[in-house]
Amino acid sequence: MLLIRSILFNIAFYLNLALWLLAAMVTMVLPPRFLLKIALSWAQTSLWWMRVIVGTRYEIKGTENIPPGGIIMAAKHQSTWETFALVTVFRNPVYILKRELTWLPFFGWCLLKLRMIPVDRGARSRALQAVTRRAKVELGQNGRQLMIFPEGTRRPAGAEPAYKYGVTHLYTELGVPCVPVALNAGLYWPRRSLIKRPGTIKVEIMPAIQPGLDKAVFHALLQEQIETASNRLLADGLAELDRLGVPAPVSTRQEAQPSA
């Protein structure tokens, strides 16, 4: 049944995406706020389909910790889930994402219309400078919330952290609060896996780290806060899957084994 439900959800997820992309095309001649409403509706209906078909719910705690105005939201990245689900907690988000996504027909057009910030991973320092310039405009002039995944790519739940320098550079250059976000979505929607698992995805939004810290101090503090909370949520999720009699992802079981 887990496999069947996962297949049905994947079909529903991509059909739902296709329908909302068609609706989005109508808004391309309108101001971006109309397209943002489409994106929010897509996220909400995708979450609904996951609950109905797979039995996966979610809890987002700590939204009161999101300060007004321009901020950096730095989130753990384990799954496709958080890339769309976190849209529901923003007022006007701007994502840093790999530029290849903007090349996709329809979907990429929407990303460009919403003024998301593409990054050329091969350009390194030059790309970071370009991202910083764009972020200053979006946060400073438009008061948007910058969404970044500090590890740069999805990593299995429980894997050793691999935080990049980019988030620290942006924290220093932008001079705005940085809000750490922990989650355990990788247990229920693992990367590179067809299987989706029932249970409750948990997200914890922690108090903002105020601007002005030394780079090394900030980098260490951000990683410590996100990893400590994510590991706690991971333990909660593993216990829940055990109660439900649902096997955890193989990669998670391997990462959770203590080293010799």
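Residues numbered from 1 in each chain as written. Predicted model: local features only at pLDDT ≥ 70, side-chain atom pairs only at ≥ 80, totals over all residues. Heavy atoms only, no water.

A tally of regular secondary structure across the chain gives eight helices and seven strands. Taking 18 Å as the expected radius of gyration for a compact globule of 260 residues, we find that the chain reaches 18 Å, a close match to that expectation. By its C-alpha atoms, the chain is 50 × 50 × 35 Å across when sized along the principal axes. Across the 260 residues that make up the chain, the buried fraction comes to 47%. (Helix = DSSP H or I, 4+ residues; strand = E, 2+ residues; numbered from the N terminus. Rg over C-alpha atoms; globule rule 2.2 N^0.38 Å. Buried < 20%, exposed > 50% of the residue type's maximum accessible area, 1.4 Å probe, protein only.)

What follows covers the environment of Thr132. Position of Thr132 relative to the elements: it lies in helix H5 (residues 125-141). Apart from residues lying up to four places away in sequence, Thr132 is in contact with His169, Leu170, Glu173 and Leu174. (Contact = heavy atoms within 4.5 Å.)

For the rest of this paragraph, the subject is the sheet that holds strand E5 (residues 145-148). Strand pairing in a sheet takes place through backbone hydrogen bonds and is either antiparallel or parallel in direction. Taken in spatial order, the seven strands of this open sheet run E1-E7-E6-E2-E5-E3-E4, and their pairing is mixed. Strand pairing shows two members of the sheet lacking a second neighbour, strand E1 (56-61) and strand E4 (117-119), which therefore form its edges. If you compare each strand with its neighbour and ignore which way they point, the axes differ by 20° on average. Relative to E5, strand E2 (residues 71-75) runs parallel, the two sharing four bridges. Residue pairing across strands places Met73 opposite Met147, the latter belonging to E5. Across the sheet, H5 lies against E2, strand E3 (93-98), E4 and E5, angled at about 175° from E4, the strand it touches most. (Pairing = 2+ DSSP bridges. Axes fitted to C-alpha atoms, helices over the stretch in contact; angles between N-to-C directions.)

Moving on to the nonpolar core. The biggest cluster of nonpolar side chains holds 76 residues, and the ones touching the most others in it are Ile72, Trp81, Phe84, Tyr95, Leu146 and Leu170. With nine residues, helix H2 (residues 32-54) is the single largest residue contributor to this core. (Core = buried A, V, L, I, M, F, W, Y, C linked by side-chain atoms within 4.5 Å.)

A separate point is the environment of Asp120. Among the structural elements, Asp120 can be located in the loop between E4 and H5. If sequence neighbours within four positions are ignored, Asp120 has contacts with Arg99 and Ala127.

With that settled, the discussion passes to unusual backbone geometry. The backbone phi angle of Phe106 is positive, close to 65°, even though this residue is not glycine. Phe106 sits in the partly exposed class, given a relative accessible area of 38%. Positive phi values are uncommon outside glycine, yet Arg115 reaches one of about 60°. On the secondary structure map, Arg115 appears in the loop between helix H4 (107-113) and E4.

Bringing the UniProt feature "transmembrane region" (unreviewed entry) in the chain into the picture now. In this structure's numbering, the residues bearing the UniProt feature "transmembrane region" (unreviewed entry) are residues 7-28. A helix fraction of 91% and a strand fraction of 0% characterise residues 7-28, whose end C-alpha atoms lie 32 Å from each other. (UniProt positions renumbered as here; feature names shortened; annotations may be inferred.)

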